Structure formats: C-alpha cells, structure tokens
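Residues per chain, in single letters:
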Amino acid sequence: ERIYSRGFYPRWAGGLMSVTSALPFSLAEVLVITAALLAVFWLWSLVRALARGRGQRRRILGDYLLWGGGACSLVLALFLLGGGFNYYRPGFTQRSGLAPIASPVEELAGLCRALAEEATLLRQGLPEDEAGVSLLCQDSRALAGTAAASYRLLMETEPGWAGLFELSTRCRPKEVFFSEAMSYMEIVGVFTPYTDEANVNFHTTDFDIPFAACHELAHISGFMREDEANFLAYAACRASQDTFFRYSGTVTALIHTGNALYAKAPDLYREAMEGLGEGVRRDLAASSAYYQAHHTSFGEFSTKVNDTYLKVNSQPQGVASYGRMVDLLLADYRARRG
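Residues numbered from 1 in each chain as written. Predicted model: local features only at pLDDT ≥ 70, side-chain atom pairs only at ≥ 80, totals over all residues. Heavy atoms only, no water.

Caption draft 1: The arrangement of unusual backbone geometry in detail. Phi angles above zero are rare outside glycine, and Glu186 is one such case at about 60 degrees. Mapped onto the secondary structure, Glu186 falls in the loop between helix 7 (179-184) and strand 2 (189-192). Exposure remark for Glu186: the relative accessible area of 34% places this residue in the partly exposed category. Even without a glycine there, the phi angle at Asp196 is positive, about 50 degrees. Along the chain, Asp196 turns up in the loop between strand 2 and strand 3 (197-200). Using a relative accessible area of 0% as the deciding quantity, one classes Asp196 as buried. (Helix = DSSP H or I, 4+ residues; strand = E, 2+ residues; numbered from the N terminus. Buried < 20%, exposed > 50% of the residue type's maximum accessible area, 1.4 Å probe, protein only.)

Below is the structure:
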C-alpha cells in the first residue's frame, strides 16, 4: 500500500496518462489489435520455420518458445506495474469507515425502496428519444469532463477521502471505436493497465455510460476490486452536479440491490418497486432488450474469461463481485440514516 499503491503507482500511472489522455482515440484498442496481429504473425512464422528447418525443429521450437515466454513475461510485468498489484491492497472499507455486515432483509428492502424513489425523481425531465427512453446529451469529451468533475466533488463532499481519487480527475474516459463489439462481449467498460486508460462502450444503453465511465475511473485511482469500483462509481455519480450522472448511478445501484432483494424475498422486491416511475421502467426495459439482442455464445465465453481473470486476481467470487457492491451500499445507507 505505502510503497506501490500510494507510492510508485500514482507516478507511473500519472506519467502514462499525461501521454494517453492527450490522444483523441483509445491507444489500448490499437494495442489489442496490434497484439492480435503479432500473435498471428508469430504463429505463422513458427510454422514456416518448422516446415523449412528439418533436422533443427527442436532448436527452432525452443527458440520460438523462449521468445514467446519472454514476451508473456514482459506483458505480465507491465500489467503488474500498471495496476495489477492494486488487486492486493487493503480494501476500501479500511479507509471509508463503511463496515459491511449481515443485514436483515427488511433493511435491503428499505434501500431498494429508497433507490427506486430517488431514480423516479431524477428521471423526471430528462431528455428522451422517440421511444421515450432517456437520452444522454453529451459526447465522449463532455462526458469525460463531467466524470472527472464528479470525482472532484466526491473528494470535497467526503473529506476523509481527499486525495484518493486524484488520478480520476486527470484521466479522460475514452469512447471505444468497436463499442458494439464490446456489447457482444457483454462488456460496458475496460480499464487498461498498459496505457492507464478508461475505455467505455458508448453503444450500450445511455444510462449505463456515465456509471461505466466512473467505474473505470475508480480502477484508474487504484481500486481494482469490482465491488468497490461499483460503489465508488455510484458515489461519484451521486456527488455529480449532472442530473443524468446521478440518475445513472442510482439506477445501476437499484438494479444490483433489486437483484439481491429478489433472490431473498420476491414479495418484498415487488412491493419496493411498486412506486417506480414509468420512465425508469421504460429505460430498464430498453436495456434488457438491448442486451438480449446482443447476447451470444461469444459473450458467455467472454464472461467466463472475465470470471477466471477476477478469481486469479484475488476476487474469489469472480463476476459475482460486481453485485457485492450491495454490501457497501447497505453500509452507506445505514451510515446516512444515522
């Protein structure tokens, strides 16, 4: 924590961001395509060398594997330097004072009801498209500025968190050119430690986008656990002066809280959601239809890869870690109620 997370990493990430944030495109997206092409070239070169090198195939294979292993080692080293070690830092709860504890289902229902009421209020007056679905009236550059300002306000409203999100105020979330491909992979955003960029899918439902940007900025600030990044994204959206950001954070928190409540008490879930506004319901229906239309076996495979990746990096619950933000939401809800 002292040597890497609050010592080396902010300097390393700050240096990278001074370059990558100035670029109008996602450098990470370019690197992914380049890496795929290099892998294909490496495999083609290996097959060609083996076909031509009769009698020396063992040596040729050994040389290629040595180079391949060296490249993999370099990739791993850069991953760890660019943020990977942050998976093993002390949890955010040790700084925030929020203590997740076992909560009665009635408290979960109360949180769900409060979020539903807040989402309904925030939804009123938001721009809509012709189908009556909420519309984000910001391009990627304007959204990046609002996201950074939201983290700045979060540090001001929570004095105990001052300085924790300084990197988030300096990073510009990037719109990914192949955003629709990310939807087919069931990905809304990606933090890339090799370039320290926050990459966001802009092809998804509009209300998902501000929350996704703030989630990736939480990773930029060194909070790699998905439950913590989700909660911090909600906190940043809530602190924002932009109504659409506040709505995005509240609806996303409502989705996770509602899922947790429905799993425990379907009747209480239905009761808590009774007063949910029609505008919010249209947005949720549009989001569900969008992801159903983009659901493929490749998306399932991508989710399994992400699940394995998270489990390898000290998150034993895998993709279920995203939903564990509810524990932090409950702790925050309890603290605010006094």
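Caption draft 2: Expanded view of helix 14 (residues 325-337). The terminal C-alpha atoms of helix 14, which comprises 13 residues, lie 18 Å apart, in line with the 18 Å expected from a rise of 1.5 Å per residue. For helix 14, the set of buried residues is Met325, Val326, Leu328, Leu329, Leu330, Ala331, Asp332 and Tyr333. (Expected span 1.5 Å × (residues − 1).)

Caption draft 3: Representation of the nonpolar core. Formed by 72 residues in total, the largest nonpolar core has its most connected members in Tyr151, Trp161, Phe165, Phe231 and Leu232. Contributing elements (two or more residues each) for this core: helix 1 (4-20), helix 5 (105-123), helix 6 (140-157), strand 3, helix 8 (208-220), helix 9 (226-239), helix 10 (243-264) and helix 14. A per-element tally of this core places helix 9 first, with 9 residues. With residues up to four places along the chain from it excluded, the contact list for Leu232 reads Phe92, Tyr151, Leu154, Trp161, Phe165, Ala218 and Phe223. (Core = buried A, V, L, I, M, F, W, Y, C linked by side-chain atoms within 4.5 Å. Contact = heavy atoms within 4.5 Å.)

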